[in-house]
Amino acid sequence: MNALTNLDALSRADRQAQIVRALSAVMPAHTLLYTLEDTVPYECDGLTAYRERPLVVALPETESQVQAVLKTCHALAVPVVARGAGTGLSGGAMPHKLGVTLSMAKFNQILKMDPVSRTAVVQCGVRNLAISEAASVHGLYYAPDPSSQIACTIGGNVAENSGGVHCLKYGLTLHNVLKVKGFTIEGDAVTFGSDALDTSGFDVLSVLVGSEGMLAITTEVTVKLVPKPQLARCIMASFDDIRKAGDAVAAVIAAGIIPAGLEMMDKPMTAAVEDFVHAGYDLNAAAILLCESDGTPEEVEEEIGRMSDVLLGSGATAITVSKDEAERLRFWSGRKNAFPASGRISPDYMCMDSTIPRKRLADILLAIAEMEKKYQLRCANVFHAGDGNLHPLILFDANDADQMHRCELFGADILETSVAMGGTVTGEHGVGIEKLNSMCVQFSTEENAQMFALKKAFDPLGLLNPGKVIPTHNRCAEYGKMLVRGGKISHPDLPRF
């Protein structure tokens with residue numbers, strides 16, 4: 001972008017001084033951070049392998065301050081990267097080296113809870129779980145439940161279109177949000193969606209949700225709430241073969257059953273998790289499925305019976321149904337702690353995120369097993385199996401440059417193979433910087449150009465979260481030279497970020 005190229009003519013120190021002076025005129029001193037000590041904590045999100053230090057971190061406390069930051073940065077052609085809790089796993093909140101990180105952490109108030117309309121109006125920095133905790137007194141909760149829900153914020157959920165273990169039945173963030181308010185890069189107030197079930201004109205809300213901070217800055221979100229089910233029970237099913245477990249997932253859906261949750265873990269993952277939280281998992285199984293039913297007691301009893309029949313018919317070697325709420329939560333505690341459990345058995349891990357057709361679950365797991373041999377790295381697998389969303393965790397040591405390099409190749413191979421199997425390069429973690437190269441595999445030059453055109457309509461100067469999500473034509477051309485027929489990586493190097 002020309003605006004960003006012009007900034008490069010200034011030294012980093014001069015550029016920083018210019019931005020600090022301009023922002024100090026519109027922001028209180030305590031809301032601006034720019035020393036090394038103060039900005040280092042913001043240099044990455046949950047994808048710690050890639051880091052960059054921002055020139056300035058702004059922590060606005062009011063909407064007028066958000067507006068002032070954006071107007072100032074727009075006038076100076078300074079890049080702006082929005083940040084929530086920093087739990088993202090694709091580098092979406094990694095700072096721009098020439099820009100301002102706009103932390104929305106102080107926007108943490110629940111503004112309105114309406115049990116009659118079953119909605120809540122919350123600021124973007126409200127934690128996902130906090131919404132359900134506040135709604136629980138009304139017998140309601142917020143359905144999307146990413147594993148990081150104790151920490152991740154609703155603004156970040158909107159940016160990434162987050163899901164969770166219950167997204168199969170209740171949908172992703174997009175399906176549980178009515179309205180989003182915020183500002184454009186020019187500082188103009190904007191509203192996407194409405195309080196009604198539909199809105200006149202184009203459905204721009206569905207464009208914003210999942211746009212990874214590239215189109216607008218979110219400040220306020222109106223979410224839908226759903227009634228707490230009278231009862232929920234969970235089946236833990238063991239399989240002695242990966243393919244049987246994968247086929248069982250497809251069989252459950254083919255039987256016309258939409259479980260409240262349908263998750264899958266392979267043997268390395270269950271071993272890591274069981275040692276961490278003691279969830280009662282079968283450590284002899286090649287894979288386990290967690291299948292949940294919720295609703296009235298009569299509905300749950302009938303659905304649990306149907307699912308059990310399908311799972312046994314698909315080759316399950318053992319089935320355990322939660323006896324009470326404590327056991328159900330214990331089953332899910334293992335799945336919810338898969339990532340921290342992996343952190344206990346490896347110095348570092350890279351969590352991939354792709355989506356494939358359910359019928360190919362076993363195929364991708366077997367392919368990943370071959371990749372472990374190829375790249376000489378371990379991989380533990382956990383899936384939102386019901387909708388085919390994979391989360392392979394590649395285990396490596398970031399202090400070893402060769403392991404880091406092989407990990408990148410491993411991850412790119414998983415994403416490329418997912419596309420070859422009819423899937424996509426992301427399910428809910430977003431593209432960020434992590435999957436830029438893989439976007440070249442899934443989308444054509446013309447398709448990427450259309451995505452750039454959409455961004456330009458919202459952000460003509462390309463200042464919001466630049467250099468992420470959409471790969472340039474030159475980048476894809478370079479990456480294409482590294483691929484051979486059949487879509488397998490042959491070149492020893494990948495374009496770096």
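Residues numbered from 1 in each chain as written. Predicted model: local features only at pLDDT ≥ 70, side-chain atom pairs only at ≥ 80, totals over all residues. Heavy atoms only, no water.

Trainee: Hey, could you run me through the nonpolar core in this one?
Mentor: Taken as a class, soluble globular proteins show a tendency for nonpolar side chains to be buried jointly. If you look at the biggest cluster of nonpolar residues, it comprises 80 residues, and the most contacted ones within it are Val223, Leu289, Leu311 and Phe410. For this core, the element with the most residues is helix H14 (residues 361–375), which contributes eight residues. Counting residues in each nonpolar core, the second largest holds 24 residues, with Leu55, Val100, Met104 and Leu464 among its members. (Core = buried A, V, L, I, M, F, W, Y, C linked by side-chain atoms within 4.5 Å. Buried < 20%, exposed > 50% of the residue type's maximum accessible area, 1.4 Å probe, protein only. Helix = DSSP H or I, 4+ residues; strand = E, 2+ residues; numbered from the N terminus.)

Trainee: So what exactly am I meant to see when it comes to the sheet that holds strand E5 (residues 110–114) here?
Mentor: What links the strands of a sheet is backbone hydrogen bonding, and the strands pair in either a parallel or an antiparallel sense. Judged by pairing direction, the sheet is antiparallel, and its five strands sit side by side in the order E5-E6-E10-E8-E9 without closing on themselves. Either end of the sheet is taken by a strand with one partner, and the two such strands are E5 and strand E9 (189–193). In this sheet, neighbouring strand axes are inclined to one another by 10° on average, regardless of whether the strands run parallel or antiparallel. Two strands pair when backbone bridges link them, and strand E6 (residues 119–123) and strand E10 (residues 217–224) are joined in this way by five bridges, in the antiparallel orientation. Directly across from threonine 119, in E10, lies its bridge partner lysine 224. (Pairing = 2+ DSSP bridges. Axes fitted to C-alpha atoms, helices over the stretch in contact; angles between N-to-C directions.)

Trainee: What exactly am I supposed to notice about the sheet that holds strand E3 (residues 80–83) here?
Mentor: What the four strands build is an open sheet, ordered E1-E2-E4-E3; its pairing is mixed. Both edges of this open sheet fall to strand E1 (32–33) and E3, since each of them pairs with a single strand only. Direction of pairing for strand E2 (residues 56–58) relative to strand E4 (residues 100–103): parallel, over a ladder of three bridges. Bridge pairing in E4 links alanine 58 to leucine 102. This element, helix H2 (residues 12–24), spans E1, E2 and E4 of the sheet and lies at about 20° to E2. Against the sheet, helix H4 (residues 63–76) makes contact with E2, E3 and E4, and its axis sits at roughly 165° relative to E4, the strand it touches most. (Contact = heavy atoms within 4.5 Å.)

Trainee: I would appreciate a short explanation of the side chain of threonine 31 in the present structure.
Mentor: Mapped onto the elements of the fold, threonine 31 is located in the loop between H2 and E1. At a separation of 2.7 Å, a polar atom in the side chain of threonine 31 contacts the main-chain carbonyl oxygen of proline 28. Excluding anything up to four places from it in sequence, threonine 31 contacts Val57, Ala58, Leu59, Glu61 and Gln65. (Polar contact = N/O pair within 3.5 Å; in protein donor to acceptor, adjacent residues only side chain to side chain.)

Trainee: Would you explain the packing of aromatic side chains in this entry?
Mentor: One pair of aromatic rings is described through two measures. These are the centre distance and the angle between the planes. The full count for this structure, using the stated rule, is four aromatic pairs. Ring plane angle 75° and centroid distance 6.3 Å describe the contact between tyrosine 141 and tyrosine 170, whose orientation is recorded as edge-to-face. Taken as a pair, tyrosine 141 in strand E7 (residues 140–141) and tyrosine 170 in helix H7 (residues 167–170) lie far apart in primary sequence, 29 residues in all. Here the aromatic rings of phenylalanine 339 and tyrosine 349 are separated by 6.2 Å at their centres, their planes lie at 50°, and the arrangement is tilted. (Phe/Tyr/Trp six-rings, centres within 6.5 Å; stacked < 30°, edge-to-face > 60°.)

Trainee: Hey, could you run me through the pattern of salt bridges in this one?
Mentor: For side chains of opposite charge, pairing can occur when their charged atoms come near one another. Summed over the entire model, instances satisfying the criterion amount to 22 salt bridges. Two residues, arginine 243 and aspartate 363, come together in a salt bridge whose shortest N-O distance is 2.8 Å. With a gap of 120 residues between them, arginine 243 in helix H9 (residues 242–254) and aspartate 363 in helix H14 connect regions that are remote in the sequence. Among the ionic pairs, arginine 330 bridges to glutamate 327, the shortest N-O distance being 3.5 Å. (Salt bridge = Lys/Arg side-chain N within 4 Å of Asp/Glu carboxyl O.)

Trainee: Hey, could you run me through the packing of H9 against H14 in this one?
Mentor: Helix packing geometry: the angle between the two helix axes and the distance between the axes. Running from N to C, H9 and H14 point in directions that differ by 150°, and their axes come no closer than 7 Å. Packed against H9, whose contacting residues are Ile242, Arg243, Gly246 and Val249, the element H14 presents Leu361, Ala362, Asp363, Leu365 and Leu366 at the interface. Split by residue class, the contact of H9 with H14 holds six nonpolar, one polar and two charged. (Nonpolar A, V, L, I, M, F, W, Y, C, P; charged D, E, K, R; others polar.)

Trainee: Help me understand the side chain of aspartate 363, please; the structure alone is not making it clear to me.
Mentor: A distance of 2.6 Å separates polar atoms of two side chains, one belonging to aspartate 363 and the other to arginine 360. Setting aside residues no more than four positions away along its own chain, aspartate 363 makes contact with Arg243 and Met421.

Trainee: Please explain the state of the cysteines as it appears in this structure.
Mentor: Linking two cysteines covalently via their sulfur atoms produces the bond known as a disulfide. For the coordinates displayed, the defined rule picks out one disulfide. One disulfide in the model links cysteine 440 with cysteine 476; its S-S distance is 2.2 Å. Torsion about the S-S bond of the cysteine 440 and cysteine 476 cystine: about -80°, corresponding to left-handed handedness. In this pair, cysteine 440 is assigned in helix H16 (residues 436–442) and cysteine 476 in helix H18 (residues 473–480), connecting sequence segments 36 residues apart. By relative accessible area, which is 16% here, cysteine 440 ends up buried. Its sulfur unpaired, cysteine 167 is 13 Å from the next cysteine sulfur, which belongs to cysteine 152. The buried category is assigned to cysteine 167, whose relative accessible area is 9%. In this model cysteine 291 remains outside any disulfide bridge; the closest cysteine sulfur is found in cysteine 234, 7.0 Å from its own. (Disulfide = S-S within 2.5 Å.)

Trainee: What is the right way to look at the confidence of the model for the protein chain in this model?
Mentor: Detailed reading of the predicted model is not advised wherever pLDDT is low. Model confidence for the protein chain is summarised by a mean pLDDT of 93, while 95% of its residues fall at 70 or above. The low-confidence segment residues 484–492 (pLDDT under 50) makes 21 contacts with residues lying over four places distant or belonging to another chain. (pLDDT = per-residue confidence, 0-100.)

Trainee: How do you make sense of unusual backbone geometry when you look at a structure like this?
Mentor: Of all residues except glycine, most have a negative phi; of all peptide bonds, most are trans. Its identity as a non-glycine residue notwithstanding, arginine 118 has a phi of 55°, on the positive side. By the element assignment, arginine 118 lies in the loop between E5 and E6. In the Ramachandran plot, asparagine 465 falls in the positive-phi region, its phi being about 50° despite a non-glycine side chain. Relative to the helices and strands, asparagine 465 resides in the loop between helix H17 (445–458) and H18.

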